[in-house]
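# Coordinates in review
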Amino acid sequence: MFGELTERLNGVFKKLKGKGKLSEQNIKDSLREVRRALLEADVNFKIVKNFISEVQTRAVGQEVMKSLQPGQQVVKIVHEQLIHLMGNDSFKVKLQSNRVSKIMLVGLQGAGKTTACAKLSQYFRKKGSKPIMAACDIYRPAAIEQLKVLGRQLDIPVISEDTKDVVKIARTAIKNAENLFSNLIIFDTAGRLHVDEKMMMELRELKSFLKPDYIFFVADAMTGQDAVTVAKEFNEQLSFDGVILTKMDGDARGGAALSIKAVTNKPVAFVGAGEKANDLEEFYPDRMASRILGMGDVLSLIEKAESSMDKEKAEKLAERLKKNQFTFSDFLDQLHQIKKMGPLDQILSMIPGVNSKALKDVKIDDKEISKIEAIIYSMTKKEREIPGIINGSRRIRIAKGSGTSVQQINRLLKQFTQMKKMIKMFNNPKKKKGKNGFPFKI
Ligand SMILES: Nc1nc2c(ncn2[C@@H]2O[C@H](COP(=O)(O)OP(=O)(O)OP(=O)(O)O)[C@@H](O)[C@H]2O)c(=O)[nH]1
Ligand SMILES: [Mg+2]
């Protein structure tokens, strides 16, 4: 996410932090580079101008000059101003408790509305709601089918009707919500290549009929400034409540995320970072600012882990670890849990200090995990529980079964033995402590 911008800003701040004392000129020079980095990230130029002037006023003031680490202080100011730019607080959706809530999604063609419908349904279901989805994109039969497929995958009802009247479909959906004991309807609508009057009229009509609790404008983050321009037009016509920025897993440069609030005065509520139903995150301006500045985002990482990990399984595993009963079956379980969290490089990029440049060099290969999985799958149940019995001929069989080599099996077995040793030492921390109290050398 925003790799290029993060790299550029880190470069600027590294130079600044190296200096013991700062002059007004130092700060000006650095901010000129920040300005360039933001413009290159496709942030609206007026916003950049304002942003820099605000940071500059604060930075050349007392708070920086007097501080012991002026470079750090400038970074802190930039961090705070970035948070401010994105709207300070996170968006909180409050659903109705005494009647069905209605959420309407709007946006251009291909922005990710239909996918976002599924993601939001999944998101609210995890929070205890019972959502249904309404197919109000009446122009492409494929669009209705797409929503139905997503609905089937997630086991969420989809309401559709063979008509060109969106209000009629909406009415049917509301009627059905009661029968289905649903408390939330998410309405998918049609997108166009460009904003046009016919589309807006239809959306306005639907809005005035539904009186939705929320309208979210879905925008493709990869389109940068264009997304912001379109957002402005949609907001003037429909006055939406918040934005869902999609495709943040691609190489979006940051322009949309950083400009949309300032231009429309509507905040980003969610971000989509992948095509699957689980790839939706709440948007927190402070966490996003930290990510942009390469400070990582541990809180989102923990939330991601919590939402994709099976709590009961995690507790059982903890119990087994305590008893030194960790086996290849447990290991396999863990691999699945990690895989559920998403691609490895995306997970690692949330860890402070791991920047996208470093990730590029290391190249984390999700295929490696699949290979380990294949090896474990090729073991018998007994071998998974008691790896000690895996002798030479068994190794050959496992290698053949998993399409790997005996060397790879040897390596995995060795790593597993080491891991077990470590677990054992953690369980008996008094024994064999190494330097600094660590039970093993790092
Ligand atoms: N990588 C990535 N792809 C996404 C994301 N959201 C949506 N997509 C993909 O973008 C494409 C378009 O998504 P849709 O949900 O069909 O877009 P739409 O706004 O409903 O498009 P129309 O119905 O044509 O107006 C699909 O191939 C999605 O899989 C995302 O967050 N990340
Ligand atoms: Mg669609």
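Scroll up to find the structure.
A brief structural summary.

Conventions we followed
Residues numbered from 1 in each chain as written. Chains lettered and ligands numbered in written order. Predicted model: local features only at pLDDT ≥ 70, side-chain atom pairs only at ≥ 80, totals over all residues. Heavy atoms only, no water. Near = heavy atom within 4 Å. Polar contact = N/O pair within 3.5 Å; in protein donor to acceptor, adjacent residues only side chain to side chain. Areas by Shrake-Rupley, 256 points an atom, 1.4 Å probe, with all protein chains shown as cover. Helix = DSSP H or I, 4+ residues; strand = E, 2+ residues; numbered from the N terminus. Nonpolar A, V, L, I, M, F, W, Y, C, P; charged D, E, K, R; others polar. Axes fitted to C-alpha atoms, helices over the stretch in contact; angles between N-to-C directions. Parallel < 35°, antiparallel > 145°, perpendicular 65-115°, else oblique. Left-handed = near helix turned anticlockwise from the far one by under 90°. Contact = heavy atoms within 4.5 Å. Pairing = 2+ DSSP bridges. Buried < 20%, exposed > 50% of the residue type's maximum accessible area, 1.4 Å probe, protein only. Right-handed = clockwise from strand over helix to strand, strands pointing away. Salt bridge = Lys/Arg side-chain N within 4 Å of Asp/Glu carboxyl O. 1 Å grid on protein atoms, 1.4 Å probe; cavity = no way out; pocket = protein on both sides within 12 Å on 5 of 7 lines; lining within 4 Å. Points joined across faces, edges and corners; volume = space filled by probe spheres on them. Core = buried A, V, L, I, M, F, W, Y, C linked by side-chain atoms within 4.5 Å.

## Let's talk about the site of ligand 1
Around ligand 1 lies a shell of 20 residues, among which K113, T114, T115, D249 and E275 are the nearest. For ligand 1, an oxygen atom lies 2.5 Å from a polar atom in the side chain of T115. Here an oxygen atom of ligand 1 sits 2.9 Å away from a polar atom, N or O, in the side chain of Q146. For ligand 1, the accessible surface in isolation is 650 Å², of which the surrounding protein chains cover 80%. If one sorts the elements of the shell around ligand 1 by residue count, helix 6 (residues 113-126) sits on top with 4 residues. For the shell around ligand 1, the per-class residue count stands at 3 nonpolar, 10 polar and 7 charged.

## Looking at the side chain of S129
Mapped onto the secondary structure, S129 falls in the loop between helix 6 and strand 2 (131-136). A polar atom in the side chain of S129 sits 3.5 Å from the side chain of N183.

## Topic: the packing of helix 9 (residues 197-210) against helix 10 (residues 225-238)
Between helix 9 and helix 10, the shortest axis-to-axis distance is 10 Å and the interhelical angle comes to 45 degrees. Comparing their axes, helix 10 and helix 9 come out oblique. Where helix 9 crosses over helix 10, the two elements pack in a sense that is right-handed. Only F234, Q237 and L238 of helix 10 make contact with helix 9, whose side of the interface consists of E197, M199, M200, L203, R204 and K207. Counted by class, the contact of helix 9 with helix 10 contains 5 nonpolar, 1 polar and 3 charged residues.

## Side note on the sheet that holds strand 3 (residues 158-159)
The strand order 3-2-4-1-5-6-7-8 describes an open sheet built from 8 strands, whose pairing is mixed. Every interior strand has two partners, whereas the edge strands, strand 3 and strand 8 (280-282), have only one. When strand 1 (residues 101-106) meets strand 5 (residues 214-220), the two strands line up parallel, connected through 4 bridges. Within strand 5, the position partnered with I103 by the bridge is Y214. The sheet strands contacting helix 8 (residues 166-179) are strand 1, strand 2, strand 3 and strand 4 (184-189), and the helix crosses strand 2 at an angle near 165 degrees.

## Thoughts on the pairing of strand 7 (residues 268-272)
Counting buried positions along strand 7 gives 5 out of 5 residues, so the element sits mostly inside the fold. Note that strand 6 (residues 242-246) and strand 7 share 3 bridges and pair parallel. Across the sheet, residue I244 finds its bridge partner in strand 7, namely F270. You can see the chain leave strand 6, run along helix 11 (residues 255-264) and come back into strand 7, and the turn it takes is right-handed.

## Points about the pattern of salt bridges
Applying the stated criterion across every chain yields a total of 16 salt bridges. Across the pair D213 and R99 runs a salt bridge whose closest N-O atoms are separated by 3.2 Å. Of this pair, D213 sits in the loop between helix 9 and strand 5 while R99 sits in the loop between helix 5 (70-85) and strand 1, placing them 114 residues apart in sequence. Judged by relative accessible area, D213 falls into the buried class, the value being 17%. Residue R99 is classed as partly exposed on the basis of its relative accessible area, which comes to 39%. Here R397 ties to E383 by a salt bridge, and the two come within 2.8 Å at their closest N and O atoms. One end of the pair, R397, is in helix 20 (residues 392-402); the other, E383, is in helix 19 (residues 381-385), and 14 residues separate them in sequence. When its relative accessible area of 36% is taken as the criterion, R397 is described as partly exposed.

## Description of empty space enclosed by the protein
Within this structure, the stated rule accounts for 2 cavities of 30 Å³ or more. Considering only enclosed or pocket space, the largest cavity measures out at about 60 Å³ in volume. If you go around the largest cavity, the residues you meet are E4, L5, R8, A37, E40, A41 and R253. When residues of the lining of the largest cavity are assigned to their parent elements, the largest contribution, 3 residues, is made by helix 1 (residues 3-17).

## Notes on the packing of helix 6 against helix 7 (residues 141-154)
Two elements in contact, helix 6 and helix 7, have axes whose closest approach is 9 Å; the angle formed by their N-to-C orientations is 25 degrees. Considering their axes alone, helix 6 and helix 7 lie roughly parallel with respect to each other. Classified by chirality, the crossing of helix 7 by helix 6 is right-handed. On helix 7, the residues touching T114, T115, C117, A118, Q122 and R125 of helix 6 are Q146, L147, L150 and L154. Among the residues forming the contact of helix 6 with helix 7, the class breakdown is 5 nonpolar, 4 polar and 1 charged.

## Topic: unusual backbone geometry
Phi is positive for D42, close to 70 degrees, though the residue is something other than glycine. If you trace the backbone, D42 turns up in the loop between helix 2 (24-40) and helix 3 (45-59). Backbone geometry at D155 places phi at a positive 60 degrees, although glycine is not the residue there. Topologically, D155 is positioned in the loop between helix 7 and strand 3.

## Focus on the nonpolar core
Core analysis: the largest hydrophobic core is formed by 76 residues, its most contacted members being F234 and L245. Among the elements that make up this core, the one with the highest residue count is helix 5 (7 residues). Ignoring anything within four residues of it in the chain, the contact list for F234 reads V106, G107, L108, V195, M199, M200, L203, F217, S239 and F240. Ranked by size, the runner-up nonpolar core spans 27 residues in total, among them L184, F216, I244 and A277.

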